[in-house]
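What follows is each chain in one-letter form.
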Amino acid sequence: MKAAIDKAAYKLLLKFKMSCSKADQKGTEDDLKFLHNDLWLQDTAVVERVVKLNGAWQVFLVFVHFKNPLLFIKRYIKTQISGPKANLEARYMRRLAAKDQRGTLEIDIQALNICQN
């Protein structure tokens with residue numbers, strides 16, 4: 001019996017193969033433009049966030065600019081089974097990721113001007 005592949009899967013396979021042929025080409029300046037746009041990350045405070053979702057604890061780090069709190073990035077780190085382990089790991093990951101290890105960069109929550117309506 002001859003095995004057949006689905007047409008949609010075959011098209012995806014061909015598309016992937018064609019994209020691999022461009023892997024050996026020299027990059028352009030546009031490929032590194034994202035590095036110049038993220039210079040604000042040098043002055044960020046790092047805040048850990050642990051969220052319980054579907055019976056597991058997910059660890060996130062939030063990088064917030066200390067002068068403009070509306071400028072932030074939230075990154076997923078990992079999932080833990082236990083809440084205390086997730087909190088401990090989040091604290092360690094925050095200390096590793098923070099530029100200022102002492103944690104003196106703080107965010108003023110009043111600067112967000114959150115409206116409760």
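1. Quick word on the overall build of the chain
Reasoning step 1: Per the secondary structure count, the chain includes 3 helices and 3 strands.
Reasoning step 2: Long-range contacts, defined here as pairs at least 24 residues apart, represent 41% of the contacts in the chain between residues at least 6 apart.

2. Quick notes on the sheet that holds strand S2 (residues 56-65)
Reasoning step 1: The sheet built from 3 strands is open, its strands ordered S1-S2-S3 with antiparallel pairing. Of all strands in the sheet, those with a lone pairing partner are strand S1 (44-53) and strand S3 (72-80), marking the two edges. The mean angle between the axes of side-by-side strands here comes to 20°, regardless of whether they run parallel or antiparallel.
Reasoning step 2: Taken together, the 8 bridges between S2 and S3 define a ladder with antiparallel strand orientation.

3. Some thoughts on the packing of aromatic side chains
Reasoning step 1: If you walk through the whole model with that rule in mind, you get 1 aromatic pair.
Reasoning step 2: For the ring pair Phe-60 and Tyr-76, a centre distance of 5.8 Å and an interplane angle of 65° mean the geometry is edge-to-face. Taken together, the residues span a long stretch of sequence, with Phe-60 in strand S2 and Tyr-76 in strand S3 at a distance of 16 residues.
Reasoning step 3: Above the face of the Phe-60 ring, Lys-74 is positioned so that its terminal group lies 4.4 Å from the ring centre.

4. Focus: helix H3 (residues 83-97)
Reasoning step 1: The terminal C-alpha atoms of H3, which comprises 15 residues, lie 21 Å apart, in line with the 21 Å expected from a rise of 1.5 Å per residue.
Reasoning step 2: Those residues of H3 that sit buried are Gly-83, Ala-86 and Ala-90. Down the axis, H3 shows its buried residues gathered within 55° of arc, on one side only. Exposed residues on H3 whose side chains face more than 90 degrees from its buried face are Pro-84, Lys-85 and Leu-96.
Reasoning step 3: Buried-residue contacts for H3 involve S1, S2 and S3.

5. Concerning the environment of Gln-80
Reasoning step 1: Locating Gln-80 in the fold gives a position in strand S3.
Reasoning step 2: When the C-alpha atoms of Gln-80 and Val-50 are compared, they prove to be 9.7 Å apart, with 30 residues separating the residues in sequence.
Reasoning step 3: Excluding anything up to four places from it in sequence, Gln-80 contacts Ala-56, Trp-57, Lys-85, Ala-86 and Glu-89.
Reasoning step 4: A polar contact of 2.7 Å, which involves the side chain of Gln-80, links it to the side chain of Glu-89.

What counts, and where the lines are drawn
Residues numbered from 1 in each chain as written. Predicted model: local features only at pLDDT ≥ 70, side-chain atom pairs only at ≥ 80, totals over all residues. Heavy atoms only, no water. Helix = DSSP H or I, 4+ residues; strand = E, 2+ residues; numbered from the N terminus. Contact = heavy atoms within 4.5 Å. Pairing = 2+ DSSP bridges. Axes fitted to C-alpha atoms, helices over the stretch in contact; angles between N-to-C directions. Phe/Tyr/Trp six-rings, centres within 6.5 Å; stacked < 30°, edge-to-face > 60°. Lys NZ or Arg CZ within 6 Å of the ring centre and 35° of its normal. Expected span 1.5 Å × (residues − 1). Buried < 20%, exposed > 50% of the residue type's maximum accessible area, 1.4 Å probe, protein only. Arc of directions from axis to C-beta. Polar contact = N/O pair within 3.5 Å; in protein donor to acceptor, adjacent residues only side chain to side chain.

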